[in-house]
Amino acid sequence: MLSEEELQSNVSVASSPTSNCISKGGGLKVHNYFGLSDSSSVESSTLSGNVEDDKATISLKATELTLGLPGSQSPARETELDEKPFFPLLPTKDEIFSSSQKNIASGNKRGFSDTMYTEKNWMFPEAVATQSVVNKEVTQNIPKGQLGTLNNSSSPPAAKAQIVGWPPVRSYRKNTLATTCKNSDEVDGKPGSAALFVKVSMDGAPYLRKVDLRSYTNYGELSSALEKMFTTFTLGQCGSNGAAGKDMLSETKLKNLLNGKDYVLTYEDKDGDWMLVGDVPWEMFIDVCKKLKIMKGADAIGLAAAPRAMEKSKMRA
Amino acid sequence: MNYFPDEVIEHVFDFVTSHKDRNSISLVCKSWFKIERYSRQNVFIGNCYSISPERLLRRFPCFKSLTLKGKPHFADFNLVPHGWGGFVQPWIEALARSRVGLEELRLKRMVVTDEGLELLSRSFVNFKSLVLVSCEGFSTDGLASIASNCRHLRDLDLQENEIDDHRGQWLSCFPETYTSLVTLNFACLEGETNLVALERLVARSPNLRSLKLNRAVPLDALARLMACAPQIVDLGVGSYEDEQDSESCLKLQAAIRKYTSLRSLSGFLEAAPHCLSAFHPVCHNLTSLNLSYAAEIHGSHLIKLIEHCKKLQRLWILDSIGDKGLEVVASTCKELQELRVFPTDLHGGGNTAVTEDGLVAISAGCPKLHSILYFCQQMTNAALITVARNCPNFIRFRLCILEPHKPDHVTSQPLDEGFGAIVQACKNLKRLSVSGLLTDQVFLYIGMFATQLEMLSIAFAGDTDKGMLYVLNGCKKMRKLEIRDSPFGDAALLADVNKYETMRSLWMSSCEVTLGGCKRLARKAPWLNVEIINENDNNRMEENGYEGRQKVDKLYLYRTVVGTRVDAPPFVWIL
């Protein structure tokens, strides 16, 4: 490979801490994959890591997994890879190259390195998980893992930050999947702040909706939201009774729902029982509610009325 | 050369249908150029800003079908701000003014309006086919115009568009006398559908071959629709979660028994398991299956369905199928040509169930595989090398490791060798997307081996300008290059300005290119539109002498014969 040979000859010209480190070992495999400037702090930590690993590297070289296609020359590859990283140190041929060199040499002012090393954009949560991997495979030079360590040693990685436009999935797909997203997994994973999606179905409606129970603070809000959502399906007065802001709907109001109007709001609790919404305190409700259903009043008559609901809640308390 | 009369040559040209081939024959001699010009039926314009409608009409006065693409590919991922461009209106207006007998319009990533659709529907008597993919800006009112006015409409195919659903009656706008529908795809409509109008339309469309419903069509309606259109070849179903509706499920099963022509199935945003299993009897004939929106369906049910699909050629699925599921695919679907595995968890929560093992299994089991899009959490060089060995026939290879910069999870090495193996083995590779931890080395391999590569997508990869240079120097057939968050700068951008004349476009965002570099490029290449997209309010993109260091956030350049476009919004600066 011609370009690799070029690099070989150029390396001897270069003088930097990086190259010194490499030439010492003679046949060492140093994978300086980031190719960043010597001056960046990250780089120096990488280098120090490499120095320690040198001796271990030599002896375990033979057993190293050499990856290449059948027929490719592994020995040749080794020497190529030694010289590989020194792109920034090529002698300048023209002005353009030197200016790019300067940019790199002066430590990548750019947001790219910023994005890599500042936690606020995104980080390497893998690094924490792969710490054990890194430690085991000490023969492999792992700049990435070490970088990750460096990055994360100061503070534990928070939830993975979102990168704009990543992963590369069409917005249409993202939106469609969002309306059919899962609920319970997220709740278990993160305390308190996560959304609590439950499915809401309605007799006669062609498809389900999902609501985030945590986005409401009382029955009134839930009712009006549902009303808006299902208004195309001629929802009855199910939601409006809670508008007073009380946490509990009284028995009489429930009766009004059942007798006078078309639909009632019911929910399936953790035991799999279908109960009328409104009997238990809101906080308890969102804890036990697994599904919501807007039923026809006639169908709901056999459902748990207030006394039983209160019994259940007493049993739990 | 002209031993034959023109009509004979024209007749021969009729057999040449690919755009590339027709472009080639038009270059042979003046006579052939003229004959080809007047006989070209289908025109493909990959970048609507590369040419104007007037020039198109001058060159090809007799075409019947026009395909236009607007925004760059990365617009799919919200990297192009709203209002950037891609307006089809000037095209429709120009075509309407001319005498061209337009019959088909296919648009991708363009902005369409209701007015435009109305004008389209009134201007072309023989208009037959409207295909809109990833478009936006219109509502169901526009669809109503098309339905009302296009007497000979055959295809109305709406794929993944953002349509403002006014819940109107567009379906009932098809006249009662209208019976020529062949394709109806409105899966992307969010709102309610007039089921009665839909059923009547389907019942009076004996030629209907492809029907893709939206989520608002319930199970019993589906069963009725299917019952009156058993000739359907391509079916897209909606969303069926209600487990109580066993009667409809029975009707569905009865209807499905007659579906001997069905070859393609999609939809299933939500489906109770026994609704899904109702389709098992038709699975053995399916060649295309799209379950990539079925987030609510458990992997085991997907697997049960796929086990029946022995003739499958195309499969789009979610990663909830898992490696085990992919092994089932590998052992069942021996005819598989295209596979897409989409991520369920878009926030990279680490719950994905497909790994490099699934990919290897597929490559080992499916000898005809030539296109793959694979989202996963982890990959190894060894796996990619195995895949390359198993499948040297890839034409499209797109691998997306969800976490940027992620190395080989076993060796912690970059994935250069793995992708290198892919490009070296797959001599016909035309499209490649790379991901994971990658150095300049991978681009050296790409430049050296990917001789047929036409489209390359790069994200969070490479070390220096050399990476991009390897690609620009090596890939002679490169047409579309899109790069984000990679350290390539002015040196690479400016090294070979003439290269961009051979390419359709270049996108670079969050890279190292500077304003100064872009300006230099624009000066050297007046036949390029060099667009700087800059959404920030504090517009410091001014002449201030610091251009050499002022990084450009988004650069989009493309060759054009019509110069600077006039419809650019304020946040786009064309140098």
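An unreviewed UniProt entry annotates chain B as F-box domain-containing protein originating from Brassica carinata. As stated in UniProt under Subcellular location (unreviewed entry), the record for chain B gives "Nucleus". Check the Pathway (unreviewed entry) section of the UniProt entry for chain B; it says "Protein modification; protein ubiquitination."

In the nomenclature of an unreviewed UniProt entry, chain A corresponds to Auxin-responsive protein from the organism Brassica carinata. Under the UniProt heading Sequence similarities (unreviewed entry), the entry covering chain A gives this text: "Belongs to the Aux/IAA family."

Peer 1: Requested: an account of the overall build of chain B, with residues and values cited.
Peer 2: For chain B, the count of helices and strands is 20 helices and 23 strands. When each of the 575 residues of chain B is scored for burial, the buried share is 62%. A separation threshold of at least 6 residues defines the contact pool for chain B, and within that pool the share at least 24 residues apart is 72%. About 21300 Å² of surface is accessible on chain B, with carbon and sulfur atoms providing 51% of the total.

Peer 1: Can you tell me about the overall build of chain A, naming the residues and giving the values?
Peer 2: Helix and strand counts for chain A come out as 15 helices and five strands. Sequence-distant contacts in chain A: of pairs separated by 6 or more residues, those separated by 24 or more amount to 64%. In the structure as shown, chain A presents an accessible area of about 15600 Å², 55% of it carried by carbon and sulfur atoms.

Peer 1: Tell me about a negative patch on the surface, and name the residues and values.
Peer 2: Residue and element names in this part refer to chain B. Residues Asp6, Glu7, Glu10 and Asp14 make up a contiguous surface patch of negative charge. Within the secondary structure layout, Glu7 lies in helix α1 (residues 6-13). The exposure class of Glu7 is exposed, given its relative accessible area of 57%.

Peer 1: If you had to explain helix α12 (residues 299-306) of chain B to someone new, which residues and values would you point to?
Peer 2: Of all the positions in α12(B), only Gly299(B), Leu302(B), Ile303(B), Leu305(B) and Ile306(B) are classed as buried. Buried residues along α12(B) cover an arc of 160° about the axis, so they all sit on one side.

Peer 1: Before we move on, can you summarise the packing of helix α6 (residues 114-123) of chain B against helix α7 (residues 140-149) of chain B with the specific residues and values?
Peer 2: All names here are of chain B. For the pair α6 and α7, interaxial distance at closest approach is 8 Å and the crossing angle is 5°. Overall, the two elements α6 and α7 adopt an arrangement that is roughly parallel. Touching Asp114, Leu117, Glu118, Leu120, Ser121 and Arg122 of α6 are Asp141, Gly142, Leu143, Ser145, Ile146 and Asn149, all from α7. Residue classes in the contact of α6 with α7 are distributed as four nonpolar, four polar and four charged.

Peer 1: Go over the packing of aromatic side chains, please, and point to the residues and values.
Peer 2: Residue and element names in this part refer to chain B. Applying the stated criterion across every chain, the model contains 23 aromatic pairs over all chains. Measuring from centroid to centroid gives 6.0 Å for Trp507 and Tyr556, while their planes differ by 55°, and the two rings are tilted. Here Tyr556 lies in strand β22 (residues 554-559) and Trp507 lies in strand β20 (residues 505-509), a separation of 49 residues in the sequence. Both rings, one in Tyr556 and one in Tyr558, keep their centres 5.2 Å apart while their planes meet at 45°; by these two values the pair is tilted.

Peer 1: Can you explain the environment of Thr193(B)? Please cite residues and give values.
Peer 2: Residues and elements named next belong to chain B. Locating Thr193 in the fold gives a position in the loop between β8 (183-185) and α8 (195-203). As a C-alpha pair, Thr193 and Leu213 span 20 residues in sequence and 9.2 Å in three-dimensional space. Residues within four places of Thr193 in sequence aside, it is in contact with Leu171, Phe186, Leu198, Asn214, Ala216 and Val217. Within the structure, the side chain of Thr193 is placed 3.1 Å from the side chain of Asn214, a separation counted as a polar contact.

Peer 1: Outline the packing of helix α16 (residues 416-425) of chain B against helix α17 (residues 440-449) of chain B, supporting the account with residue identities and numerical values.
Peer 2: Helix-helix packing is characterised by the crossing angle of the two axes and by the distance between the axes. Residue and element names in this part refer to chain B. Running from amino to carboxyl end, α16 crosses α17 at an angle of 5°, the nearest separation of the two axes being 9 Å. Comparing the axis directions of α16 and α17 gives the class roughly parallel. For the pair α16 and α17, the contacting residues are Asp416, Glu417, Phe419, Gly420, Val423 and Gln424 in the first and Gln441, Val442, Tyr445, Ile446 and Phe449 in the second. For the contact of α16 with α17, the class distribution of residues is six nonpolar, three polar and two charged.

Peer 1: So, the nonpolar core: which residues are in play, and what are the values?
Peer 2: Ranked by internal contacts, the top residues of the largest apolar core, which has 188 residues, are Leu66(B), Leu184(B), Phe279(B), Phe397(B) and Ile446(B). With six residues, helix α9 (residues 219-228) of chain B is the single largest residue contributor to this core. Among residues more than four places away in sequence, those in contact with Leu184(B) are Leu156(B), Trp170(B), Leu171(B), Leu198(B), Leu201(B), Leu208(B), Ser210(B), Leu211(B) and Lys212(B). One finds Val211(A), Leu213(A), Leu265(A) and Cys289(A) within the second-largest nonpolar core, a separate group that totals 24 residues.

Cut-off values and rules
Residues numbered from 1 in each chain as written. Chains lettered and ligands numbered in written order. Predicted model: local features only at pLDDT ≥ 70, side-chain atom pairs only at ≥ 80, totals over all residues. Heavy atoms only, no water. UniProt positions renumbered as here; feature names shortened; annotations may be inferred. Helix = DSSP H or I, 4+ residues; strand = E, 2+ residues; numbered from the N terminus. Buried < 20%, exposed > 50% of the residue type's maximum accessible area, 1.4 Å probe, protein only. Contact = heavy atoms within 4.5 Å. Areas by Shrake-Rupley, 256 points an atom, 1.4 Å probe, with all protein chains shown as cover. Patch = residues over 30% accessible without salt bridge, like charges linked within 9 Å, V, L, I, M, F, W, Y side chains within 5 Å. Salt bridge = Lys/Arg side-chain N within 4 Å of Asp/Glu carboxyl O. Lys, Arg positive; Asp, Glu negative; His and termini not counted. Charge placed at Lys NZ, Arg CZ, Asp CG, Glu CD. Arc of directions from axis to C-beta. Axes fitted to C-alpha atoms, helices over the stretch in contact; angles between N-to-C directions. Parallel < 35°, antiparallel > 145°, perpendicular 65-115°, else oblique. Nonpolar A, V, L, I, M, F, W, Y, C, P; charged D, E, K, R; others polar. Phe/Tyr/Trp six-rings, centres within 6.5 Å; stacked < 30°, edge-to-face > 60°. Polar contact = N/O pair within 3.5 Å; in protein donor to acceptor, adjacent residues only side chain to side chain. Core = buried A, V, L, I, M, F, W, Y, C linked by side-chain atoms within 4.5 Å.

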